[in-house]
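A closer look at the structure
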Amino acid sequence: MKDYIEERTLEIANYIIETKATVREAAKVFKVSKSTVHKDVSERLPKLNPIVYEEVRKILEKNKAERHIRGGFATKMKYKTMD
């Protein structure tokens, strides 16, 4: 694996841990696709740093469990502004 990929993977992981960010938010900050962030944290990170991976995994699982709530809130706000 290239050094810059390893570096990016660890930076993304630390960002997610510090801010409790979603994959989408991390992708925006690091100017990469959601697929890249997902691959970095789910495939590359466990090989680089399993301890950090576990922390990131917990945060992403929580985000996944809450995403339907965020989606519903976004829809509510969309229709609220249409009035």
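Going by the structure above, here's the rest.
As the structure is a prediction and not an experimental result, all values here were calculated from the model.

Attention now goes to the nonpolar core. The biggest cluster of nonpolar side chains holds 14 residues, and the ones touching the most others in it are Ile12, Ile16, Val37, Val41, Val52, Val56 and Leu60. Mapped onto this core, the elements with two or more residues apiece are helix H1 (3-19), helix H2 (23-30), helix H3 (34-48) and helix H4 (50-82). Sequence-distant contacts of Val37, that is, excluding residues within four places in its chain, are made with Ile12, Val23, Ala26, Ala27 and Val32.

In this section: the layout of surface pockets. If you add up the space inside the largest pocket, you get close to 420 Å³. Together, 16 residues line the largest pocket, and Val23, His38, Leu60, Lys64 and Arg67 are the ones closest to its centre. It is H4 that contributes the most residues to the lining of the largest pocket, nine residues altogether. Here the lining of the largest pocket is built from residues that sort into five nonpolar, four polar and seven charged.

Moving on to the packing of aromatic side chains. Per the counting criterion, the structure on display carries one aromatic pair. Between Tyr15 and Phe30, the aromatic rings sit 5.6 Å apart at their centres with planes inclined by 80 degrees, giving edge-to-face as the arrangement. With a gap of 15 residues between them, Tyr15 in helix H1 and Phe30 in helix H2 connect regions that are remote in the sequence.

This next bit is on the pattern of salt bridges. All chains considered together, the criterion is met by five salt bridges. Residue Lys39 is joined to Glu43 by a salt bridge in which the shortest nitrogen-to-oxygen separation is 3.7 Å. With Lys39 and Glu43 both in helix H3 and four residues apart, the pair spans about one turn of that helix. Residue classification places Lys39 among the partly exposed residues on the basis of a relative accessible area of 36%. For Asp40, the salt bridge goes to Arg44, with nearest N and O atoms at 2.4 Å. Note that Asp40 and Arg44 are positioned in helix H3 at a spacing of four residues, about one turn of the helix. You'll find Asp40 and Arg44 in the same group, each marked buried.

What counts, and at which threshold
Residues numbered from 1 in each chain as written. Predicted model: local features only at pLDDT ≥ 70, side-chain atom pairs only at ≥ 80, totals over all residues. Heavy atoms only, no water. Core = buried A, V, L, I, M, F, W, Y, C linked by side-chain atoms within 4.5 Å. Buried < 20%, exposed > 50% of the residue type's maximum accessible area, 1.4 Å probe, protein only. Helix = DSSP H or I, 4+ residues; strand = E, 2+ residues; numbered from the N terminus. Contact = heavy atoms within 4.5 Å. 1 Å grid on protein atoms, 1.4 Å probe; cavity = no way out; pocket = protein on both sides within 12 Å on 5 of 7 lines; lining within 4 Å. Points joined across faces, edges and corners; volume = space filled by probe spheres on them. Nonpolar A, V, L, I, M, F, W, Y, C, P; charged D, E, K, R; others polar. Phe/Tyr/Trp six-rings, centres within 6.5 Å; stacked < 30°, edge-to-face > 60°. Salt bridge = Lys/Arg side-chain N within 4 Å of Asp/Glu carboxyl O.

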